[in-house]
Amino acid sequence: MFVSRDVLRDTHREAAINRQRVVFAGFIVLSALAMLAYRYYDLQIRNYDQFLTQSDRNRVRLEAIPPTRGLIVDRAGRLLAVNEPTHALAVVIERVGDEALLFQELQSLIDISSDDLERFAERRHRRRPYDPVPLKLQLSDEEMAIIGVNRHRLPGVTIEAQLTRAYPHGSLLSHVVGYVGRINEREASTIDAENYRGTLHIGKVGLERWYESALHGLVGSQNIEANAHGRILRVLEQELPGDGATLSLHLDLDLQRAAAEALGDQRGAIVALDPRDGGILALYSNPGFDPNLFVNGISQRDYAALRDSADTPLLNRAVQGQYPPGSTIKPMLGLAGLELDLVEPDTAIPDPGWYTLPGDSRRYRDWILRIRGRGHADEVDLKMAIAESCDVYYYDLARRMGIDAIATALAPFGLGEKTRVDITSEQSGILPTSAWKRERMGQPWYPGETLSVGIGQGYMLATPVQLAQAVMVIANRGASFQPSLVRRVGDKPQVPVARPAVEADEAHWAAVIAGMMDVVHTQRGTAAAISKDLAYTIAGKTGTSQVIGIAQDGVYNEDEISERHRNHGWFVAFAPVDEPRIVVVVLAENGGGSSAAYPVARRVLDQWMDRWLDDWVMGQDDV
Amino acid sequence: MSDYDRNLPSHDRDLGRGTPLAQLLHVDVWLLVPVFFLIAGGLLVLYSASDGSVGTLWRQCRNFAIAGVAMLLAAQISVDQYRRWAPLVYVFGLILLIAVPLVGVGAKGAQRWLSLGVVRFQPSELMKLAMPLMIAWWYTRYGIPPRLLPLLGSLCLVVLPAACIVIQPDLGTSLLVAASGLFVVFIAGVSVWYLLSAIALALLSAWPAWTYLLKDYQRQRILTLFDPEADRLGAGWNIIQSKTAIGSGGWSGKGWLQGTQSHLDFLPESQTDFIIAVLAEEFGLRGVLLLLGCYLLIIARGFWIGLTAQSSFSRLVASSITLTFFVYVFVNIGMVAGVLPVVGVPLPLVSFGGTSIVTLMLGFGVLMAISTEKKRISQ
């Protein structure tokens, strides 16, 4: 097909053509290399700054150093919430060879629950392959030793040290301290994302929530050099975090313990505070729960058990529980009567054991009627009305005051509004007025309802901490402070917040307090039972509030109604009377009556008073 | 073979001639010196690119040793022998290429290797040398400048192996192999009109090739070039990171072993295809210009050997090898800087990898054979 042209070749022409083409190619090569040189000049000289910045941004990463959460200590510095170093078993996925084999191996060594495995599966999707993914939290020392010895057989398994919030006193302080938990989505959208970079936990309830920002502290940061996979190679510069502040409480651990022991299995709440500054010495709600369960995510089963329990252990009865205050409001109402000149301290009212409204045949019964079949006495004055908790006296007084005047008189004591105690979920109770009822129920106020409110029943509701505040007003004869748990945040003392004083005649205070003293210190006082061997004076007031309405002329029979429908028992008190150091409020939920409450209060008072009594006698004053 | 007789003795002022040992070994010193500098500099960069891995360095040295021996051996063979064996080598290579999809070994989704027991072997590499030899043989046999029929015949010879390689699939090598043949066509003096119509034809055939021939990842690579920012973490990542590495080097660079882009693994393929980005980052534009200078010296020397060669066959082969070498350089340096598609061409004599180095050095061996033959004749 092709003819070989060897013979006919013109080698000079061939060489000339070749050389011409080579020279041409040479020009192309030169211009191409010049173009490349220009391209590199463009990148390296003209756009140098831009690419240098980009390469620095590539390599340097700002990383957060989470602050250590502040501690919570009682008034004596005893630890109530701590950060415990714990060890978690974690797995670095990219270093694991055969995953199934590894888990088999691990399970043969230590106990790994299916819960752990489930959560691990969840977590691993959110982590990068070089990040350790926690498999089992809080390893025991023994488990750590086992893992340590078998490390060589477990590629990719690491033990991560971390600080975990722990509550050494468990349920004793669950309703005070609260707990932290993992930051959830809702919280993530409200917190300062910058400050919480690197923080996993956030206060959920209680002090942990209320003082979250102080406890949390300020995030630190470090510039780290990381490679393309995000692995940290070295730290370039560092700004240390501002660790969270330690919360020092007014609360006394011993008193808290005494309160818990005194209440025992009884559902209820105890609030003890120092009337001189409103500092809460004990705040206990029973039943409680173990706050440690919540820290690293409570299991569905545990949570359901707490949530669905009829005893509502998650309810902080001291601030969230709203109960009819019953007769505990009688001193306050009496003071109002005196101030309004409706009664004088010695005004006596006939007491047949029941009361009727003019033009109404319905009998409003005194509680004593059921016991004695008659009234407290032929005539009852204020002091006796308080000491023996006479209902008839207060029916009459309430009728004469009217519901709105009652509300006006009780409001300065803080009923019907939150005390603003530094703890979450506080409820405001109800201080009813005619306007309130109209708005709430669209109905007018009936005169009979005023009588119920006169003895702390009906629509009226109050929380134990509200009553503690009200009793503080009486103890201080008008002055009071916002109840508070925290005495110091870090080095900064929390200044007690004074509430507007309740102005009243000195003699009127004296009359009311005298009545309250008689509650304990006279034989016919409703709490006379606790006066035995008393080394100091107590001014108190009992209260029994109905959970269900008793029909007209119906008989309240404790044995016949279910436990949940039994009356609540109250006892409010302060001591010593002349120089009050402590206010105590005890609520015995469905305790049947105040007799379930006042022995508890006595034990709490004793615990507190015993330690100061000797000093007192010697005229010293040191609390 | 009668070419030599008719050539006049040249006025050879080649300095390489002065070294008796170099002459004895058929070594072209002017070619060897820049190659040597390139290798030395390349090892320096590779050491950094491999994060100070002495093992990598050793293996690369071993590659160079093997390649050096291959080069020396290739330099000993006379041009006459090359011409004589060209068709046979070409046919052998073609058979191997056809065998690859049948009995070949796969790697990374492509079948490019033939396994010869202990050694794995890429027939496409053999073709890089066989191709220019074959086409040069063809033209010395059927006339320079080529007429239409021999031209079409040579084009078939070019397309056949290129097609075999493109289906492996290895687009980059296929283009390089085709180019090495086409360069011979060009140097042989193919008519400018043929050339222009061929370019027009190529452009016309690009569309069906784009649609049917190229695999998705090859298309992606080309698309990435035009808009690398579009897919920052995917296809565009390599280009963005290599441009960042190059640009952040500035004039004087970040210093040897100080490159952050490469040492922190932002730079992909930093030991192989993208190694010039390491050099640019650590040694700056100075280093890049020095590198380009070395390449320019090698290319210039290659062209000089081509220009001064005594036979058409030698001229065609030497020029084609040189141009192919240039294409390696241009495509690699261009693609890393984001001006050419990323087609997977190593940086000659610098990138880590035995195959490409052996092929390149063999090419230099052929160049030296041509260069020393010229001297032998001139004596």
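Everything below is about the structure shown above.
Computed from a predicted model, the values in this text were never measured in an experiment. (Residues numbered from 1 in each chain as written. Chains lettered and ligands numbered in written order. Predicted model: local features only at pLDDT ≥ 70, side-chain atom pairs only at ≥ 80, totals over all residues. Heavy atoms only, no water.)

> It is not clear to me how helix H5 (residues 79-103) of chain B should be interpreted in this structure. Could you clarify?
At 3.6 residues per turn, the α-helix brings residues three or four places apart onto the same side. In a regular helix each residue adds 1.5 Å, so 25 residues correspond to 36 Å; H5 of chain B covers 34 Å between its end C-alpha atoms and thus fits that length. The axis of H5 of chain B is deflected most strongly, by about 50 degrees, at Trp85 of chain B, and proline Pro87 of chain B appears within four residues downstream. (Helix = DSSP H or I, 4+ residues; strand = E, 2+ residues; numbered from the N terminus. Expected span 1.5 Å × (residues − 1). Bend = angle between axes of the 7 residues up to and from the residue.)

> I would appreciate a short explanation of the interface of chain B and chain A in the present structure.
Accessible area lost on assembly of the parts is the figure often given for the size of an interface. Listed by partner, the interface residues are 63 residues for chain B and 45 residues for chain A. For the pair chain B and chain A, the number of links is zero salt bridges. Summed over the shared surface of chain B and chain A, the result is 14 residue pairs in polar contact (both at pLDDT 80 or more). Mapped onto the side of chain B that touches chain A, the elements with two or more residues apiece are helix H1 (3-6), helix H6 (123-142), helix H7 (148-166), helix H8 (171-187), helix H11 (237-247), helix H12 (260-263), helix H13 (275-308) and helix H14 (312-336) of chain B. For the side of chain B that touches chain A, the per-class residue count stands at 37 nonpolar, 17 polar and nine charged. (Contact = heavy atoms within 4.5 Å. Salt bridge = Lys/Arg side-chain N within 4 Å of Asp/Glu carboxyl O. Polar contact = N/O pair within 3.5 Å; in protein donor to acceptor, adjacent residues only side chain to side chain. Nonpolar A, V, L, I, M, F, W, Y, C, P; charged D, E, K, R; others polar.)

> Before we go on, may I ask you to explain the environment of Leu172 of chain A in this structure?
Relative to the assigned elements, Leu172 of chain A resides in the loop between strand S5 (157-166) and helix H6 (174-177). When sequence neighbours within four positions are dropped, the list of residues in contact with Leu172 of chain A reads Leu253, Gln256, Arg257, Ala260 and Tyr284 of chain A.

> Can you walk me through the sheet that holds strand S13 (residues 268-274) of chain A in this structure?
The strands making up a sheet associate through hydrogen bonds between their backbones, and the pairing can be parallel or antiparallel. Residues and elements named next belong to chain A. Reading across the sheet, the five strands line up as S14-S13-S25-S24-S23 and stay open at both edges, with antiparallel pairing between neighbours. A strand with exactly one partner marks an edge of an open sheet, and here the two such strands are strand S14 (279-286) and strand S23 (539-545). Neighbour-to-neighbour, the strand axes of the sheet open up by a mean angle of 5 degrees, direction not taken into account. Direction of pairing for S23 relative to strand S24 (residues 568-575): antiparallel, over a ladder of seven bridges. Following the sheet pairing, Thr544 is matched in S24 by Gly569. Sheet contacts for helix H21 (residues 506-521): S23 and S24; angle to S23, the most-contacted strand, approximately 75 degrees. (Pairing = 2+ DSSP bridges. Axes fitted to C-alpha atoms, helices over the stretch in contact; angles between N-to-C directions.)

> Please explain the nonpolar core as it appears in this structure.
Soluble globular proteins tend to bury their nonpolar side chains together. If you look at the biggest cluster of nonpolar residues, it comprises 132 residues, and the most contacted ones within it are Tyr393, Phe571, Phe574 and Ile582 of chain A. Among the domains, domain 1 (63-248) and domain 2 (253-301 + 317-551 + 561-617) of chain A are the pair contributing at least three residues each to this core. Formed by 115 residues, the second largest nonpolar core is a distinct cluster that contains Leu38, Met134, Leu176 and Phe325 of chain B. (Core = buried A, V, L, I, M, F, W, Y, C linked by side-chain atoms within 4.5 Å. Buried < 20%, exposed > 50% of the residue type's maximum accessible area, 1.4 Å probe, protein only. Domains from an automatic or database assignment.)

> What exactly am I supposed to notice about the packing of H6 of chain B against H14 of chain B here?
All names here are of chain B. Axis separation between H6 and H14 bottoms out at 9 Å; the angle between their running directions is 145 degrees. The two elements H6 and H14 cross, and the hand of that crossing is right-handed. Here H6 contributes Glu125, Lys128, Leu129, Pro132, Leu133, Ala136, Trp137, Tyr139 and Thr140 to the contact with H14, which in turn contributes Ser312, Phe313, Leu316, Val317, Ser320, Ile321 and Tyr328. Looking at the contact of H6 with H14 residue by residue, the classes come out as 11 nonpolar, three polar and two charged. (Left-handed = near helix turned anticlockwise from the far one by under 90°.)

> Explain the side chain of Thr324 of chain B to me, please; I cannot follow it from the model alone.
All names here are of chain B. Topologically, Thr324 is positioned in helix H14. Of the residues examined, Thr324 reaches a relative accessible area of 8% and is grouped as buried. Contacts of Thr324, omitting those with residues within four sequence positions, involve Leu176, Ser180 and Phe183.

> For this particular structure, what's the right way to read the environment of Ala269 of chain A?
Residues and elements named next belong to chain A. By the element assignment, Ala269 lies in strand S13. When the C-alpha positions of Ala269 and Glu589 are compared, they lie 8.0 Å apart, and in sequence the two are 320 residues distant. Ignoring any residue separated from it by four or fewer positions in sequence, one finds Ala269 in contact with Leu263, Tyr284, Ser285, Arg317, Ala318, Pro464, Val585, Val586 and Leu587.

> Just to check I follow, could you spell out the pattern of salt bridges for this structure?
Note that side chains of opposite charge can pair when their charged atoms are close. All names here are of chain A. Per the counting criterion, the structure on display carries 32 salt bridges over all chains. Across the pair Lys136 and Glu143 runs a salt bridge, and its minimum N-O distance is 3.6 Å. Accessibility classification places Lys136 together with Glu143 in one group, the buried group. Lys437 is the salt-bridge partner of Glu449, the closest N and O atoms lying 2.8 Å from each other. Taken together, the positions of Glu449 in helix H19 (residues 447-454) and Lys437 in helix H18 (residues 434-441) put the pair 12 residues apart, joining distant regions of the chain. Residue Lys437 is classed as buried on the basis of its relative accessible area of 0%. Through salt bridges with shared partners, one network takes in Asp74, Arg78, Asp252, Asp254, Arg257 and Arg611.

> Would you explain empty space enclosed by the protein in this entry?
The probe, sized like a water molecule, is rolled over the atoms to show the empty space still left. Residues and elements named next belong to chain B. All told, the structure shown has three cavities of 30 Å³ or more when counted by the stated rule. The computed volume of the largest cavity comes to approximately 130 Å³. Every residue along the wall of the largest cavity is listed here: Lys128, Leu129, Pro132, Ser180, Ile321, Thr324, Phe325, Tyr328, Thr359, Leu360, Gly363 and Phe364. Counting only elements with at least two residues in the lining of the largest cavity, the list comes to H6, H14 and helix H15 (354-378). In the lining of the largest cavity, the residues fall into seven nonpolar, four polar and one charged. Split by domain, the residues of the lining of the largest cavity number at least three in each of domain 1 (37-76 + 215-379) and domain 2 (89-214). (1 Å grid on protein atoms, 1.4 Å probe; cavity = no way out; pocket = protein on both sides within 12 Å on 5 of 7 lines; lining within 4 Å. Points joined across faces, edges and corners; volume = space filled by probe spheres on them.)

> Got a minute to help me understand the packing of H13 of chain B against H14 of chain B in this structure?
Geometrically, a packed helix pair is captured by the angle between its two axes and the distance between the axes. Residues and elements named next belong to chain B. It is at 9 Å that the axes of H13 and H14 come closest, and there the two elements cross at 165 degrees. When the axis of H13 is compared with that of H14, the two are roughly antiparallel. Like other packed secondary-structure pairs, H13 and H14 cross with a definite hand, here left-handed. Contacts between H13 and H14 involve Ile276, Ala277, Leu291, Leu292, Tyr295, Ile298, Ile299, Gly302, Phe303, Ile305, Gly306 and Leu307 from the former and Arg315, Ala318, Ser319, Thr322, Leu323, Phe325, Phe326, Val329, Asn332, Ile333 and Val336 from the latter. (Parallel < 35°, antiparallel > 145°, perpendicular 65-115°, else oblique.)

> What's the story with the packing of aromatic side chains in this structure? I'm lost.
What describes a pair of aromatic rings is the distance from one ring centre to the other and the angle between the planes of the rings. Counting across every chain of the model gives 19 aromatic pairs over all chains. Here the aromatic rings of Phe326 of chain B and Phe330 of chain B are separated by 5.7 Å at their centres, their planes lie at 25 degrees, and the arrangement is stacked. Remark: Phe330 of chain B and Phe326 of chain B occur in helix H14; sequence separation between them is four residues, near one turn of the helix. Phe330 of chain B sits in the buried class, given a relative accessible area of 17%. Through pairs of rings, three or more aromatic residues link up here, namely Tyr179, Phe289, Phe294 and Tyr303 of chain A. For the cation-ring pair, Arg363 of chain A lies above Trp354 of chain A, with the distance from its terminal atom to the ring centre recorded as 3.9 Å. (Phe/Tyr/Trp six-rings, centres within 6.5 Å; stacked < 30°, edge-to-face > 60°. Lys NZ or Arg CZ within 6 Å of the ring centre and 35° of its normal.)

Don't take any of this as a statement about function, it's just geometry.
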